[in-house]
Amino acid sequence: MQPGPERTRLREAGGPVSSHPNPLVVQYLYVHGHDEAFFYPTARGAASAAEVAVRYLECALVQAASLRLRDVDCDLALATNIGDASRLGHTGAELMARIESLGVAIVPTEYRHRPGDDSATYVSSRYVLDAISTAAEGQPAERRLLLTDLDCVWVGAERLFAAVPPAPEVGCIHFDYPPDWDVVGFGEVGRTPRGIGELAQSLGGSGELPPWVGGELLAGTPSALVSLVAACDELDRLLAARGEVLPTEEQILTLAGALGKVRFQSLARAAWRVHTG
């Protein structure tokens, strides 16, 4: 099914709106510049920025198709810095065209929340914070927004939509990593679950081992998600003043939850992460 213009359209400022507050599923993809260093261990060996973009555009297309296949009553958006899809080659341009043919609104989004260090590993992980900012702008207060990783498929969308919590809570997926697990491969003090707990304690928190907030799914009302971004910004400024950096979205989100700056609710009853290796 392809929605008509009354179901999904773009605001003049670049964000999606709808004539009624259907849930809005927002995917996000940052495409690197040719001279920008990056490393994604799960990208199956793609070497160039265009190859990585094509790999993830394939995922975005599959996710959108999994919703349209079931005629799910929702709107779709892709927050991205892709301006001219032709720079991704013939395959990339065709993928973008097919994604748009499914009624996915393309939301131009700059990358303003880059990590504060020069690490190339998962360098675009914080792009979700910018996707929230652009997607939430101008949305009805009661609308449910769901920010998802690109490599997701939908089986029971209505169940997850119904589980999205009201403001001020934000739905997510929690993970029970071992306390000293090097979650994203940085191997530095303060970036394991135990380290985040200790960091939180130094900032006035309890020091208990915090629930680890995965970046695969963030769901809530526009106000709750915008408040989440503001909390992350506040913590980034505080950490920068101490000469510290948390480079990934999972780390800063987990710290925000540990300090009570964001109230997270587990959506594990309706959403799962499958390890594919």
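Residues numbered from 1 in each chain as written. Predicted model: local features only at pLDDT ≥ 70, side-chain atom pairs only at ≥ 80, totals over all residues. Heavy atoms only, no water.

Side note on the overall build of the protein
Scanning the protein from terminus to terminus reveals 7 helices and 11 strands. Here the protein holds 277 residues, and 53% of them are scored as buried. Look at the contacts in the protein between residues 6 or more apart in sequence, and 76% of them connect residues 24 or more apart. For the protein, the exposed area adds up to about 12600 Å²; of that, 53% sits on carbon and sulfur atoms. (Helix = DSSP H or I, 4+ residues; strand = E, 2+ residues; numbered from the N terminus. Buried < 20%, exposed > 50% of the residue type's maximum accessible area, 1.4 Å probe, protein only. Contact = heavy atoms within 4.5 Å. Areas by Shrake-Rupley, 256 points an atom, 1.4 Å probe, with all protein chains shown as cover.)

Details of helix H7 (residues 249-258)
When you tally the buried positions in H7, you get 8 out of 10 residues, the bulk of the element. Of all the residues in H7, the buried ones are Glu249, Glu250, Gln251, Ile252, Leu253, Thr254, Leu255 and Ala256. Residues of H7 that are buried make contact with helix H3 (127-136), helix H5 (193-202), strand E9 (212-213), strand E10 (217-220), helix H6 (222-241) and strand E11 (264-266). Gly260 sits one or two positions beyond H7 and adopts a positive phi of about 75 degrees.

So, the packing of H6 against H7
With their axes 10 Å apart at the nearest point, H6 and H7 run at an angle of 95 degrees to one another. When the axis of H6 is compared with that of H7, the two are roughly perpendicular. Contacts between H6 and H7 pair Leu228, Cys232, Leu235, Asp236 and Leu239 from the former with Ile252, Leu253, Leu255 and Ala256 from the latter. Class assignment for the residues of the contact of H6 with H7 results in 8 nonpolar, no polar and 1 charged. (Axes fitted to C-alpha atoms, helices over the stretch in contact; angles between N-to-C directions. Parallel < 35°, antiparallel > 145°, perpendicular 65-115°, else oblique. Nonpolar A, V, L, I, M, F, W, Y, C, P; charged D, E, K, R; others polar.)

Re the environment of Pro21
If you trace the backbone, Pro21 turns up in the loop between strand E2 (16-17) and strand E3 (24-29). Between the C-alpha atoms of Pro21 and Arg143, which are 122 residues apart in sequence, the distance is 5.0 Å. What Pro21 contacts, discounting residues up to four positions off in sequence, is Pro140, Glu142 and Arg143.

Some details on the confidence of the model for the protein
For the protein, per-residue confidence averages 86 on the pLDDT scale, and residues scoring 70 or more make up 82% of the total. A low-confidence stretch, residues 1-19 (pLDDT under 50), is modelled with 51 contacts involving residues beyond four sequence positions or located in other chains. (pLDDT = per-residue confidence, 0-100.)

Quick look at the pairing of strand E4 (residues 75-80)
Residues in a regular strand point their side chains to alternate faces of the sheet. For E4, a buried count of 6 out of 6 residues is recorded, marking the element as mostly surrounded by other parts of the structure. Side chains of E4 alternate between two faces, with Asp75, Ala77 and Ala79 and Leu76, Leu78 and Thr80 buried alike. Relative to strand E5 (residues 104-108), E4 runs parallel, the two sharing 5 bridges. Note on E5: the bridge partner recorded for Leu76 is Val104. Running through helix H2 (residues 89-101), the crossover from E4 to the neighbouring parallel element E5 is right-handed. (Pairing = 2+ DSSP bridges. Right-handed = clockwise from strand over helix to strand, strands pointing away.)

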